[in-house]
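Geometric and topological summary
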Amino acid sequence: MIRSVVKGIGAAKPARVVKNADLEGIVETSDEWIVQRTGIRQRYIAGEGETTASLGEAAARAALDNAGLTPDDIDLIILATSTPDNTFPASAVDIQARLGMTHGFAFDMQAVCSGFVYAVTTADLYIRGGMAKRVLVIGAETFSRILDWNDRTTCVLFGDGAGALILEASEGRGLTSDRGVLTANLRSDGSHKEKLYVDGGPSSTQTVGHLRMEGREVFKHAVGMITDVIEASFSEAGITAEDIDWFVPHQANKRIIDASAKKLHLAEEKVVITVDQHGNTSAASVPLALATAVADGRIKQGDLVLLEAMGGGFTWGAVLLRW
Ligand code: UT7
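Nothing here was measured: the structure is a model prediction, and the numbers come from that model.

1. Thoughts on the pairing of strand S13 (residues 315-322)
- With eight of its eight residues buried, S13 lies for the most part within the structure.
- Neither face of S13 is left uncovered, since the one carrying Thr315, Gly317, Val319 and Leu321 and the one carrying Trp316, Ala318, Leu320 and Arg322 both have all their residues buried.
- Note: strand S8 (residues 180-188) against S13, eight bridges, orientation antiparallel. Bridged to Arg187 within S13 is Trp316.
- As judged from the eight bridges shared by strand S12 (residues 304-311) and S13, these two strands associate in the antiparallel manner. Pairing of Gly311 across the sheet is with Thr315, part of S13.
- Hairpin connection between S12 and S13: a loop of three residues separates the two successive antiparallel strands, and Gly313 in this loop has a positive phi of roughly 140 degrees.

2. Topic: the packing of helix H3 (residues 52-67) against helix H4 (residues 91-98)
- Where H3 meets H4, the axes come as close as 9 Å, and the angle between the chain directions of the two elements is 55 degrees. Judged by the inter-axis angle, H3 sits oblique to H4. Crossing geometry of H3 relative to H4 is assigned as right-handed. Contacts between H3 and H4 involve Ala53, Ser54, Gly56, Glu57 and Arg61 from the former and Asp94, Ile95 and Arg98 from the latter.
- The class makeup of the residues in the contact of H3 with H4 is two nonpolar, two polar and four charged.

3. Remarks on the domain arrangement of the protein chain
- Parsing the protein chain into structural domains produces domain 1 (2-171) and domain 2 (180-322).
- Of note, the centres of domain 1 and domain 2, computed from C-alpha atoms alone, are 14 Å apart.
- Contact residues are listed per partner, giving 49 residues for domain 1 and 48 residues for domain 2.
- Where domain 1 abuts domain 2, roughly 3,700 Å² becomes buried across the two surfaces, and 67% of that area is made up of carbon and sulfur atoms.
- The tally of links from domain 1 across to domain 2 stands at one salt bridge.

4. Thoughts on the UniProt feature "active site" (unreviewed entry) in the protein chain
- In this numbering, the UniProt entry assigns the feature "active site" (unreviewed entry) to Cys113, His250 and Asn280. The annotated residues occupy 168 residues of the chain but converge on a single region, no pair of C-alpha atoms lying more than 8.6 Å apart.
- Tracing the chain through its elements places His250 in the loop between strand S11 (246-249) and helix H8 (254-264).
- When residues no more than four places from it in sequence are discounted, the contact partners of His250 are Cys113, Ile257, Asn280, Ser282, Ser285, Val286, Glu308, Ala309 and Met310.
- With respect to the helices and strands, Asn280 occurs in the loop between helix H9 (275-278) and helix H10 (285-295).
- Those residues within four positions of Asn280 in sequence are excluded, and the remaining contacts are Ile40, Cys113, Leu157, Phe158, Gly159, His250, Gln251, Ala252 and Val275.
- At 3.4 Å, the side chain of Asn280 forms a polar contact with the side chain of His250.

Rules used throughout
- Residues numbered from 1 in each chain as written.
- Predicted model: local features only at pLDDT ≥ 70, side-chain atom pairs only at ≥ 80, totals over all residues.
- Heavy atoms only, no water.
- Buried < 20%, exposed > 50% of the residue type's maximum accessible area, 1.4 Å probe, protein only.
- Helix = DSSP H or I, 4+ residues; strand = E, 2+ residues; numbered from the N terminus.
- Pairing = 2+ DSSP bridges.
- Axes fitted to C-alpha atoms, helices over the stretch in contact; angles between N-to-C directions.
- Parallel < 35°, antiparallel > 145°, perpendicular 65-115°, else oblique.
- Left-handed = near helix turned anticlockwise from the far one by under 90°.
- Contact = heavy atoms within 4.5 Å.
- Nonpolar A, V, L, I, M, F, W, Y, C, P; charged D, E, K, R; others polar.
- Domains from an automatic or database assignment.
- Buried area = accessible area lost by both parts, 1.4 Å probe.
- Salt bridge = Lys/Arg side-chain N within 4 Å of Asp/Glu carboxyl O.
- UniProt positions renumbered as here; feature names shortened; annotations may be inferred.
- Polar contact = N/O pair within 3.5 Å; in protein donor to acceptor, adjacent residues only side chain to side chain.

Put into structure tokens, the structure is as follows:
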């Protein structure tokens, strides 16, 4: 059977680092509160000239270099983002043009913090369906541009960045020992849409709007939703937590990650945590964490890797893949 196998990975961050202490002059907060409640120590904030498309392009180029490929080798670009440069066209086509790619096709995918997990799942379906041989999957965000910088309950949590993964069609045997995407499970429940949303948009207010979140409510649902969808992946693949080499969760809050790992009996040393370095970068957080763990030598070819995300909508999902 056809499997979607990882060929390369890359990441890009804005030039400017903003430490927790730097936020103490903007809203009434403290480094101590942010670290204790979230595990975040710093985030990157896009400056002039840095946008979702420019960060996505940089991450894409890094992934192409890592794979030893050029834009000519790519058939499809899927960009997971909730902060596109424009309402339309999709920032994916902007990245396509920036890469000098005049063939193939590109589109954006909107599932907020679960965007990258949704995009990897979609890429896998295009590959297994035979419509694409190599897909560039990007998660890129500039959440700093939709934050209410007077709202301390949200502005300290998010940051900007991008990560990219290249998936390629490869022959597998239909076993969990195959390399590539093994299972994907996606969920959404729109009845929670007011717990995490942006209060503007083209068809409602004709403005971009600002992020609004009932943090405690999101927290309350997060661990149960994450563990449910992961347990579904385990039973589909016929594996247990012990088989997992690396758990690479959405990087929103270290307390949510720790609680989910504990409930799933995933050993602490298998959990990749980068939220301290870049805060919650929504659709970029999973590929940023992945890129970090590949670059520092933790994730190696043949490792069983579990990706997970949960966010606005609510949307949530899990992807199990062998690197
Ligand atoms: O990526 C999408 C998914 N999103 C998430 O996963 C976010 C989920 N939620 C969370 O991570 C947490 O709920 C937060 C980090 C947002 C908040 O942590 P919490 O432990 O749930 O705190 P809380 O909302 O219950 O607030 C506790 C106190 C409040 O004061 P009172 O009412 O107890 O007097 C807040 O006003 O902390 C106060 N507070 C702050 N204090 C200092 C809220 N924000 C801040 C702040 N600095 N930035």
